[in-house]
Amino acid sequence: YSASQPIDSESSINLTYAEAFRGTIRQLQIGSETVEVRIPAGAKPGSRIRLPGKGKFNGYGQPKSDLYLNVTLSPHSFFAFEGDNLVCEVPIAPDEAVLGSSINIPTPDGKVSMKIPAGINSGQVLRLRGKGWYSTGGDRSDQLVRVTIKTPQTLSTQEKACYEKIRDLRQKNPRSSLEQVSL
């Protein structure tokens, strides 16, 4: 991070998800002074880091005010925040949705195995307890996994035949609840 631009009593510091999760140390240029700032593990968007006595002068004979850094995070390709929880979206195949499966899910600590229950719907959310973000007390929030059913765009001849057979054997119309809908 290069803070060659002037820093007011309220400023932002942008971090990667990895830096915010694990904590980091940054060098900031505040006026003519270089300050080492320790970002604690678990910083998240909206967190504020207080630098005592590093703000503006309050007048003659008065100590400098405190400087506050507002934490922002660079977007991540997989993770996002929903309240205190870390959220992600994971695609699964139609057969995994129908039959259930066990899949590997990325977490901040590495991959973990998660059971996909049979009959899951697209958009349904599963919870990985304690696999989310650090809180101020050192505990971990949950990681929420939003499931999306990824429909294959190309099929082999055998796969197409199997899907056609399933269609022909289907006993329930998934749109039967729409039969009586009108204005």
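Structural data are supplied above this passage.
Keep in mind that this is a model prediction, so the values were computed, not measured.

Engineer: Just checking my understanding: could you explain the overall build of the chain for this structure?
Structural biologist: Along the backbone of the chain there are three helices and eleven strands. Starting at the N terminus, the α and β elements of the chain follow one another as β-α-β-β-β-β-β-β-α-β-β-β-β-α. Here the C-alpha atoms of the chain give a radius of gyration of 25 Å, more than 25% beyond the 16 Å that 2.2 N^0.38 yields for 183 residues. Over its C-alpha atoms, taken along the principal directions, the chain stretches across nearly 85 × 45 × 30 Å. Taking all 183 residues of the chain together, the buried fraction comes to 29%. Put simply, 45% of the contacts in the chain that link residues at least 6 apart link residues at least 24 apart. In the form shown here, the chain has an accessible surface area of approximately 12,200 Å², with 50% of it arising from carbon and sulfur atoms.

Engineer: Teacher, can you tell me more about the packing of aromatic side chains here?
Structural biologist: Aromatic ring pairs are defined here through the distance separating the ring centres and the angle between the ring planes. Applying the stated criterion across every chain yields a total of six aromatic pairs. Plain terms: the ring middles of Tyr17 and Trp133 are 5.9 Å apart, the flat faces sit at 80° to each other, and that makes the pair edge-to-face. One end of the pair, Tyr17, is in helix α1 (residues 17–22); the other, Trp133, is in the loop between β10 (125–128) and β11 (143–149), and 116 residues separate them in sequence. Here Tyr17 and Trp133 have matching classes, each one buried.

Reading guide: rules and limits
- Along each chain, residue indices are assigned from 1 in the same order as the chain's sequence is written.
- Where totals are concerned, whole chains, interfaces and linings use all residues; where local detail is concerned, this predicted model gives features only for residues with pLDDT of at least 70, and gives and counts side-chain atom pairs only at 80 or more.
- With hydrogens and water excluded, all non-hydrogen atoms of the structure serve as input to the side-chain values.
- Every helix listed is a DSSP run of H or I at least four residues long, and every strand listed is a run of E at least two residues long, numbered separately from the N terminus.
- For the radius of gyration, the atom set is restricted to C-alpha positions; the globular benchmark scales as 2.2 Å times the number of residues to the power 0.38.
- Any residue under 20% of the maximum accessible area for its type is buried, any over 50% is exposed, and the rest in between are partly exposed; the area is computed with a 1.4 Å probe on protein chains only.
- Throughout, a residue-residue contact means that at least one pair of heavy atoms, one from each residue, lies within 4.5 Å.
- Surface accessibility in these figures is a Shrake-Rupley result with a 1.4 Å probe; residues are shielded only by whichever protein chains are displayed.
- A pair of aromatic rings is counted whenever rings of Phe, Tyr or Trp (Trp by its six-membered ring) have centres within 6.5 Å, and the orientation is called stacked for planes under 30 degrees apart, edge-to-face for over 60 and tilted otherwise.

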